[in-house]
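For reference, the chains in residue letters:
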Amino acid sequence: MGYKITVLCENTVPVPGLIGEHGFAAYVETPDAVLLFDTGQGFGLIQNALRLKKDLTKVDKLVLSHGHFDHTGGMLTFLGVRGPCPVAAHPDVLLERFRYMPVGPVEKPVSIGMPWREAYLVTRGAQFQWVESFTEIAPHVFLSGEVPRRTDFETGDPKFIIRSNGDWIPDPFRDDYSLAVKTAKGLVVLLGCAHAGLINILEHLTSQSGESRVYAVLGGTHLGFSPAAQLDKTMEALKKFDVQILAVSHCTGQAPIARLSAEFGSRFAFAPVGYVLEVDA
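Residues numbered from 1 in each chain as written. Predicted model: local features only at pLDDT ≥ 70, side-chain atom pairs only at ≥ 80, totals over all residues. Heavy atoms only, no water.

1. A word on the packing of aromatic side chains
Then step 1. Taken as a whole, this structure holds four aromatic pairs when the rule is applied.
Then step 2. Taking the centre distance of 5.5 Å and the plane angle of 75° together, the rings of Phe-160 and Phe-173 count as edge-to-face. In this pair, Phe-160 is assigned in strand E11 (residues 160-164) and Phe-173 in the loop between strand E12 (167-170) and strand E13 (179-183), connecting sequence segments 13 residues apart.
Then step 3. Look at Phe-160 and you get buried, because its relative accessible area is 6%.
Then step 4. A residue is classified by how much of its surface remains accessible, and Phe-173, at 5% relative accessible area, is buried.
Then step 5. Positioned above the aromatic ring of Phe-160, the side-chain terminus of Arg-99 is 5.0 Å from the ring centre. (Phe/Tyr/Trp six-rings, centres within 6.5 Å; stacked < 30°, edge-to-face > 60°. Helix = DSSP H or I, 4+ residues; strand = E, 2+ residues; numbered from the N terminus. Buried < 20%, exposed > 50% of the residue type's maximum accessible area, 1.4 Å probe, protein only. Lys NZ or Arg CZ within 6 Å of the ring centre and 35° of its normal.)

2. Here we look at helix H5 (residues 198-209)
Then step 1. Between its first and last C-alpha, H5 extends 16 Å over twelve residues, near the 16 Å set by a 1.5 Å rise per residue.
Then step 2. Most of H5 is tucked away: nine of the twelve residues are buried.
Then step 3. Buried within H5 we find Leu-198, Ile-199, Asn-200, Ile-201, Leu-202, His-204, Leu-205, Thr-206 and Ser-209.
Then step 4. Elements that come into contact with the buried residues of H5 comprise E13, strand E14 (186-191), strand E15 (214-220) and helix H6 (228-239). (Expected span 1.5 Å × (residues − 1). Contact = heavy atoms within 4.5 Å.)

3. Examining the pattern of salt bridges
Then step 1. Inspection of every chain in the model, using the stated rule, returns eleven salt bridges.
Then step 2. Asp-171 is the salt-bridge partner of Arg-97, the closest N and O atoms lying 2.7 Å from each other. Note that Arg-97 is positioned in the loop between strand E5 (85-89) and strand E6 (98-103) and Asp-171 in the loop between E12 and E13, a separation of 74 residues in sequence. Residue Arg-97 shares its accessibility class with Asp-171, and that shared class is buried. (Salt bridge = Lys/Arg side-chain N within 4 Å of Asp/Glu carboxyl O.)

4. Thoughts on the sheet that holds strand E1 (residues 3-9)
Then step 1. In spatial order, the strands read E8-E5-E4-E3-E2-E1-E18; together these seven strands make up an open sheet with mixed pairing. Taken across any chain shown, the strands that pair with only one partner, and hence form the sheet edges, are strand E8 (126-130) and strand E18 (276-279). In this sheet, neighbouring strand axes are inclined to one another by 25° on average, regardless of whether the strands run parallel or antiparallel.
Then step 2. The pairing of E1 with strand E2 (residues 25-29) spans five bridges and is antiparallel. Bridging from a neighbouring strand, Thr-6 pairs with Tyr-27 of E2.
Then step 3. Packing of helix H3 (residues 75-82) onto the sheet brings it into contact with strand E3 (34-37), strand E4 (61-63), E5 and E8, and relative to E5 it is tilted by some 150°. (Pairing = 2+ DSSP bridges. Axes fitted to C-alpha atoms, helices over the stretch in contact; angles between N-to-C directions.)

5. Some details on the packing of H5 against H6
Then step 1. Across the interface, H5 lies against H6 with an axial gap of 9 Å and an inter-helix angle of 25°. Compared by their axis directions, H5 and H6 come out roughly parallel. In the packing of H5 onto H6, the handedness of the crossing is left-handed. Contact with H5, carried on its side by Leu-198, Ile-199 and Leu-202, involves Thr-234, Ala-237 and Leu-238 of H6 and no other residues of that element. (Parallel < 35°, antiparallel > 145°, perpendicular 65-115°, else oblique. Left-handed = near helix turned anticlockwise from the far one by under 90°.)

6. A word on the nonpolar core
Then step 1. Within the largest apolar cluster, 31 residues are counted, with the highest numbers of intra-cluster contacts made by Leu-143, Leu-179, Val-188, Leu-190, Leu-218 and Tyr-275.
Then step 2. Ranked by size, the runner-up nonpolar core spans 28 residues in total, among them Val-147, Ala-194, Ile-199 and Val-217. (Core = buried A, V, L, I, M, F, W, Y, C linked by side-chain atoms within 4.5 Å.)

7. A look at the environment of Gly-67
Then step 1. Its location among the elements puts Gly-67 in the loop between E4 and helix H2 (69-72).
Then step 2. Judged by its relative accessible area of 0%, Gly-67 falls in the buried class.
Then step 3. A C-alpha to C-alpha distance of 4.1 Å links Gly-67 and Val-93, two positions 26 residues apart in sequence.
Then step 4. Residue contacts for Gly-67: discarding those within four places in its chain leaves Thr-72, Val-93, Arg-97, Ile-112, Gly-113, Met-114 and Asp-175.

8. Points about H6
Then step 1. With twelve residues, H6 should cover 16 Å at 1.5 Å per step; its first-to-last C-alpha distance of 17 Å lies within 8% of that length.
Then step 2. Of the positions making up H6, those classed as buried are Gln-230, Leu-231, Thr-234, Met-235, Ala-237 and Leu-238.
Then step 3. Packing partners of the buried residues in H6 comprise H5, strand E16 (245-249) and helix H7 (254-264).

9. Describing the environment of Ala-228
Then step 1. Residue placement: Ala-228 occurs in helix H6.
Then step 2. Each C-alpha atom, one on Ala-228 and one on Gly-104, is 28 Å from the other, the two residues being 124 residues apart in sequence.

10. A closer look at the sheet that holds strand E10 (residues 141-143)
Then step 1. Strand order in the open sheet made by the seven strands is E9-E10-E13-E14-E15-E16-E17, with mixed pairing throughout. Either end of the sheet is taken by a strand with one partner, and the two such strands are strand E9 (135-138) and strand E17 (268-270). Neighbouring strand axes in the sheet, compared pairwise and without regard to direction, differ in orientation by 25° on average.
Then step 2. Bridge count between E10 and E13: three bridges; the pairing is antiparallel. Bridged to Leu-143 within E13 is Leu-179.

Dropping the structure here:
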């Protein structure tokens, strides 16, 4: 058996019978474990898992990419089906998060963090396992840990903020995590939103894993919220990794997706609900 990743939640659906929502979740099957990476908002997780024949009761561990509602909102739904389950994440996943968004004629901070407090999630079966550094969470499956910001062009979105000592400050996104699966063809990288910067993430994962080849990248890249100059430099740096499958979606944005498709050609694949990536072990 090899590795199989199935997208359970994403903004779009390709066929009837599935539910699209602004969010992300993926079902990761390995020879040794089954992982759920994020939960979406919770509207489509159960329906899509049933439709795609992915058994949520078999999940060995839930992994959270970061503490936004569109990646954690389905936790209660999932725990209601799975029962008590280990949850791997950074402690900051519980932070109260905000984003400046239009409210009437002006922009105001709007809450976009995890919908529930830790104590309530624990009573519903969440067994939090706090991870802060690069860690093997299943055989050949690694959680990124905190990603160093080393590029000078991946500046992040200043509209994402948190409260600190009574002031609004940019969200540092210490909890922005990705998964890296070490396969015979190279790393398969699974992203939540890549708030840490796509290139920062790839450089960190290749450095920490000792595997320089990146075979596939799947998930959200947040390039849709990046300035044009950042997108140009990201495209240039991404090509140096010689990624063979670039399957992006969710927060990547329509314009960046169109450009990625044009420049990567047959190596590009859009990854909506139901997308499946299979790689030999």
